[in-house]
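Summary of the model geometry
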Amino acid sequence: DFALARYRPDGTLDASFGTGGIVRTPIGTSTDIARAIALQSDGRIVLAGTVIVSGVSDIGLARYTASGVLDTSFGVGGTVITALSAGHDGARSLVIQPDGRILIAGYMSPDFSSDIALVRYTEDGALDTSFDLDGVVRTDIGGAYDAALAVALQPDGRIVVTGESSIDAVNYDVVVARYEPMGAPDLTFGAGGRMLVSFGPFDDLGAGIAVQPDGRIIAAGRSFLGGSYDMAITRLTAAGALDTTFDGDGQRLVSIGSPGEAYALALQPDGRILVAGTTLSAGQYDFALLRLSGDGSLDTGLDLSTTLGGSVAFSEGGNPGVLDPDVRVFDAELSAAGS
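Residues numbered from 1 in each chain as written. Predicted model: local features only at pLDDT ≥ 70, side-chain atom pairs only at ≥ 80, totals over all residues. Heavy atoms only, no water.

**Notes on the overall build of the protein**
The criterion, for reference: Helix and strand definitions here come from DSSP, where helices need a minimum of 4 consecutive H or I residues and strands a minimum of 2 consecutive E residues; each element is numbered from the N-terminal end. Pairs of residues are marked as contacts when any of their non-hydrogen atoms sit within 4.5 Å. Here, Shrake-Rupley sampling with a 1.4 Å probe gives the accessible areas, and only protein chains in the shown set may cover a residue.
A tally of helices and strands in the protein yields one helix and 22 strands. Restricting the contact set of the protein to residue pairs at least 6 apart, pairs at least 24 apart contribute 45%. Roughly 14,000 Å² of accessible area belongs to the protein as shown, and the carbon and sulfur atoms make up 56% of that amount.

**A word on the pattern of salt bridges**
When the charged atoms of two side chains with opposite charge come close together, those side chains can pair. Selection criterion: What makes a salt bridge here is a side-chain nitrogen of Lys or Arg within 4 Å of a carboxyl oxygen of Asp or Glu, nothing more. When accessible area is computed with a 1.4 Å probe and restricted to protein chains, residues below 20% of their type maximum are described as buried, those above 50% as exposed, and intermediate ones as partly exposed.
Counting across every chain of the model gives 21 salt bridges. Here D71 and R44 are joined by a salt bridge, their closest N and O atoms 2.8 Å apart. Of this pair, D71 sits in the loop between strand 5 (56–64) and strand 6 (79–82) while R44 sits in the loop between strand 3 (32–39) and strand 4 (45–53), and the two are 27 residues apart along the sequence. The residues D71 and R44 share a single accessibility class, namely buried. Residue D71 pairs with R63 through a salt bridge whose shortest N-O separation is 2.8 Å. The exposure classification of D71 matches that of R63, with both residues buried. Each of D42, R44, R63, D71 and E123 takes part in salt bridges that share partners, so that together they form one network.

**Structural notes on the pairing of strand 12 (residues 159–166)**
Heads up, the rule is: Strands qualify as paired when DSSP identifies two bridges or more between them.
Burial within strand 12 is extensive, with eight of its eight residues counted as buried. Of the two faces of strand 12, the one carrying I159, V161, G163 and S165 and the one carrying V160, T162, E164 and S166 are both buried. Two strands pair when backbone bridges link them, and strand 11 (residues 146–153) and strand 12 are joined in this way by seven bridges, in the antiparallel orientation. Bridging across to strand 12, A152 finds its partner in V160. Between strand 11 and strand 12, which follow one another and run antiparallel, lie five residues, and G157 among them has a positive phi close to 90°.

**Some points on unusual backbone geometry**
Negative phi values dominate among residues other than glycine, just as trans dominates among peptide bonds. Although it is not a glycine, S54 sits at a positive phi angle of roughly 50°. Residue class for S54 comes out exposed when judged on its relative accessible area of 66%. The phi dihedral of D247 is positive, around 55°, even though this residue is not glycine. As for its placement among the helices and strands, D247 is situated in the loop between strand 17 (229–236) and strand 18 (251–254).

**Notes on the side chain of D115**
For clarity, the cut-off: Any N or O atom pair separated by 3.5 Å or less is treated as a polar contact, with the protein-specific requirement of one donor-capable and one acceptor-capable atom, and with residues adjacent in sequence counted only for side-chain atom pairs.
With respect to the secondary-structure elements, D115 resides in strand 9 (residues 115–121). For D115, a relative accessible area of 0% translates into the label buried. Within the structure, the side chain of D115 is placed 2.4 Å from the side chain of R138, a separation counted as a polar contact.

**Let's talk about the sheet that holds strand 11**
This is how the line gets drawn: Each axis is a line fitted through C-alpha atoms, and for a helix only the stretch in contact is used; angles between axes span 0 to 180 degrees, taken between their N-to-C directions.
Across the sheet, four strands lie side by side as 11-12-13-14; this open sheet has antiparallel pairing. With partners counted over all chains shown, the strands left at the sheet margins are strand 11 and strand 14 (194–197), one partner each. For this sheet, the mean inter-axis angle between neighbouring strands, taken without regard to orientation, is 20°. Strand direction decides the pairing type here: strand 13 (residues 172–179) and strand 14, joined by four bridges, are antiparallel. Paired with V176 across the two strands is M195, which belongs to strand 14.

**Overview of the pairing of strand 20 (residues 273–281)**
For strand 20, the buried fraction is high: seven of the nine residues fall into the buried class. Adjacent in sequence and paired antiparallel, strand 19 (residues 260–267) and strand 20 are bridged by five residues, among which G271 carries a positive phi angle near 95°. Both strand 20 and strand 21 (residues 284–292) contribute to a ladder of nine bridges, which runs antiparallel. Opposite T278, over in strand 21, you have F287 as the bridge partner. Where strand 20 folds back onto strand 21 in an antiparallel hairpin, the turn is made up of two residues, including A282, whose phi is positive at roughly 55°.

**Overview of the environment of R178**
Here R178 shows up in strand 13. By relative accessible area, which is 3% here, R178 ends up buried. As for R178 and M195, which are separated by 17 residues in sequence, their C-alpha atoms are 9.0 Å apart. Residues in contact with R178, not counting those within four places in the same chain, are Q154, R158, I159, V160, P185, D186, T188, F189, G193, I217 and A238. Of the polar contacts made by the side chain of R178, one reaches the side chain of Q154; its length is 3.2 Å.

Following this line, the structure appears as structure tokens:
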């Protein structure tokens, strides 16, 4: 089932939320996995992910009141199931637009391949037909497998996503694509609205994305160079070219354990870049956090790998998350930890 929990500032479960701080919501007919969360300006909570209906995965959404009760004004009884194709579909990331509309990024599989899917809903959970006429934008980069793992909005309403695109039967590049507010590819960006970034000859993907105030776009994920995965960070210009002011060529690999993978990033007000993910150390996965300066160099004042309760496990392909760029959290807690 979709699972949602709320905690108090001291880390204890908030008993006023759901049942003892936890809400469980069955949506499909089998396994339901929530992969993304966002808060509306009125405090309501939106979850998106993948739900199984009759053996096939579809996009699933649920909206809750601020107290953890399903919002019956949304969809059918507070939930929405959207089948984009006859194959497997899923949501990996979501954002709430300033006008309250809900934008989902993920994938759809209409045949034996997978394509990037963008889906937009009205505030009440209906498909937004002003978005590419039917609420759905499908992007086939050209390989057998394409998927969006993270989405962000620019201040001008344009949409940027990152994920992965297959370059042959087994290897992938990071893909960054940009769309106009109504869903059309932004042809001023990259080549035909998208940019493929290769860190090496093997597997690369982007799992977190952010837009700088000057319009430059940063994506973080992982790259496999033949021995293990490293954290991979790239920065593009507003026009979709590699930004050579970032580590000299627009690409930065950081080895933090073996393997090291990034799942989320955030921008601090001073321009520094926080990247979070996991690393494998002594046979177990640990939480990993690093910080880069605006030029892509590693900020040695913050470099943390720590075990949380024994291990932190993420599924293959990444689980995009959210980092709070509020530097007070990190400066206070991590300095006390000696990092």
